[in-house]
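Chain by chain, the residues:
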Amino acid sequence: MGHELTDEDLLARARNPDTAGYAFNLLVRRYQERLYRVIRRMVIDDETAQDLLQETFVKAWRNLDKFRADAKLSTWLYRIATNEALSHLRKQKRRFFQPIEDVEGQLARQVDQTLGPDADHIEQKLQHAILRLPERQRMVFQLRYYDEMPYEDMAELFSISVGALKASYHHAVKKIEAYVTAH
Amino acid sequence: MAPHDPKKPFRLEEHPELRRDFFALPEGFEDRFPFALQQRLAQEKARATRWSVRRAVWLLAPTVSVACLVVAAFVWLAPQQAAEPTLSYADLRLESIVEEAATDPEFSEYLMEALPPDAAQAALQTALTAIPDTALNTFLTENADEGTLAEYLDSQP
């Protein structure tokens, strides 16, 4: 029955004290996998991704009343999730004054572990190339490439123009292709 | 997966198979995650309740403190206010003089002369209080008919 409800219905029920628990649970089940993947691709580590996902939903739950009805629920949730992931990465870099290369290297090692020894060579190189992109560009590339998110939604998500997003994605693809060709 | 020829430049669009998300979902994620989240939200709700109680205490504390001060002040002042009808030492002295005046017509005259206008009555009262009992008694009993009380008061340092 839950899948028949629109996001607007879910939101209205999640704001109603009588149905809040049930509706919020449905909302979580609807978005948990998508948001997990978005966060996981950014932070790589599974446990960290689950912690950040939990934080995302806790923040959503705390701020349900403040959510503006003119925005899309999905965009709002994606924004919280992407902010969580990006701020986690920034904190990681600030902690112990780690150079960016170290954080990237750490993420690359985690990618290799996740892929396993039998991983396809190109896939491994692709992931390494993605990790070398600046964080925001990496986020844009992944949302477009893996989730096929429309540029209009991304524009709302990042508060950037569609043109700038298209350019960012195009540059990301060029950088990735250059890296994979060179390695 | 289509092999990539290392001699050719790599083109992402030529490898649609790479588009798959290579991160597998953790086992049991679909059910375990909402359960863990529910527990976390329960903790958050408990924390929020504690915070609202704490905030209420913080907001009420000044009001309660002021109320306590008002009550304390009332409790402290009440006996003093109750004691007000009792005549002070100065009042008693003046009263005894007036009583004396009532029984002694001559002294009454002195007293009438000695009493200043209303505005100066407080000063007289203070002055009377300052006169040692013995000195005033001596004056009242022995020199009542020799000069006025005002003269006597003027002679006092």
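Residues numbered from 1 in each chain as written. Chains lettered and ligands numbered in written order. Predicted model: local features only at pLDDT ≥ 70, side-chain atom pairs only at ≥ 80, totals over all residues.

## With respect to the overall build of chain B
When its secondary structure is counted, chain B shows 6 helices and 0 strands. Written out in order from the N terminus, the α and β elements of chain B read α-α-α-α-α-α. Once local pairs closer than 6 in sequence are excluded, the contacts in chain B between residues at least 24 apart make up 67%. (Helix = DSSP H or I, 4+ residues; strand = E, 2+ residues; numbered from the N terminus. Contact = placed C-beta atoms within 7 Å.)

## A few points about the overall build of chain A
Within chain A one finds 9 helices and 0 strands. Listed N to C, the secondary structure of chain A is α-α-α-α-α-α-α-α-α in terms of helices and strands. Taken across its 183 residues, chain A has 30% of its residues classed as buried. Considering only residue pairs separated by 6 or more positions, chain A has 59% of its internal contacts joining residues 24 or more positions apart. (Buried ≥ 20, exposed ≤ 12 C-beta atoms within 10 Å, placed from the backbone.)

## Some points on the nonpolar core
Residues and elements named next belong to chain A. If you look at the biggest cluster of nonpolar residues, it comprises 49 residues, and the most contacted ones within it are Leu27, Leu35 and Ile39. Per-element accounting of this core gives the leading share, 12 residues, to helix H2 (residues 20–43). Not counting residues up to four positions away in its chain, the partners in contact with Ile39 are Ala49, Leu52, Leu53, Ala81, Glu84 and Ala85. (Core = buried A, V, L, I, M, F, W, Y, C linked by C-beta atoms within 7 Å.)

## Regarding the packing of helix H8 (residues 151–158) of chain A against helix H9 (residues 162–182) of chain A
Two quantities define a packed helix pair, namely the angle between the helix axes and the distance between the axes. All names here are of chain A. The contact between H8 and H9 brings their axes to 9 Å, and the two run at 105°. By the angle between their directions, the pair H8 and H9 is classed as roughly perpendicular. Residues Tyr151, Glu152, Met154 and Ala155 of H8 touch H9, and the partners they reach there are Val162, Leu165 and Lys166. Along the lines of polarity and charge, the residues of the contact of H8 with H9 split into 5 nonpolar, no polar and 2 charged. (Axes fitted to C-alpha atoms, helices over the stretch in contact; angles between N-to-C directions. Parallel < 35°, antiparallel > 145°, perpendicular 65-115°, else oblique. Nonpolar A, V, L, I, M, F, W, Y, C, P; charged D, E, K, R; others polar.)

## Re the packing of helix H4 (residues 73–94) of chain A against H8 of chain A
Residue and element names in this part refer to chain A. The contact between H4 and H8 brings their axes to 9 Å, and the two run at 55°. Accordingly, the angle class assigned to the pair H4 and H8 is oblique. For the pair H4 and H8, the crossing hand works out as right-handed. Seen from H4, the contacting residues are Thr75, Tyr78, Arg79 and Thr82; seen from H8, they are Asp153, Glu156 and Leu157. Split into classes, the residues belonging to the contact of H4 with H8 amount to 2 nonpolar, 2 polar and 3 charged. (Left-handed = near helix turned anticlockwise from the far one by under 90°.)

## Topic: the interface of chain A and chain B
It is common to give the size of an interface as the accessible area that goes away when the parts come together. Residue-level contacts link 28 residues of chain A with 21 residues of chain B. Broken down by secondary-structure element, the contributors of at least two residues to the side of chain A that touches chain B are H2, helix H3 (46–62), helix H5 (100–115), helix H6 (121–131) and H9 of chain A. Among the elements that make up the side of chain A that touches chain B, the one with the highest residue count is H2 of chain A (9 residues). Tallied by class, the residues present in the side of chain A that touches chain B amount to 13 nonpolar, 6 polar and 9 charged.

## Brief notes about the confidence of the model for chain A
Mean pLDDT for chain A: 87, with 91% of residues reaching 70 or above. Across chain A, the secondary-structure element scoring lowest on mean pLDDT is H5 of chain A, at 72, and the one scoring highest is H3 of chain A, at 94. (pLDDT = per-residue confidence, 0-100.)

## As for unusual backbone geometry
All names here are of chain A. The residue Ile44 is not glycine, and still its phi comes out positive at about 70°. You can see Ile44 is positioned in the loop between H2 and H3. Here Ser159, not a glycine, exhibits a phi torsion of approximately 55°, which is positive. Accessibility expressed as a C-beta count within 10 Å gives 7 for Ser159, which makes it exposed.

## Thoughts on the confidence of the model for chain B
One rule of thumb: low pLDDT means the predicted coordinates there are not for detailed reading. Residue and element names in this part refer to chain B. This prediction gives chain B a mean pLDDT of 71; 46% of its residues lie at or above 70. Element-level pLDDT for chain B is lowest in helix H4 (residues 118–130), with a mean of 54, against a maximum mean of 85 in helix H1 (residues 29–83). Scoring the predicted complex yields pTM 0.65 and, for the interface, ipTM 0.73.

## What to know about the environment of Gln127 of chain A
Assignment of secondary structure puts Gln127 of chain A in helix H6. Judged by the 23 C-beta atoms lying within 10 Å of it, Gln127 of chain A is buried.

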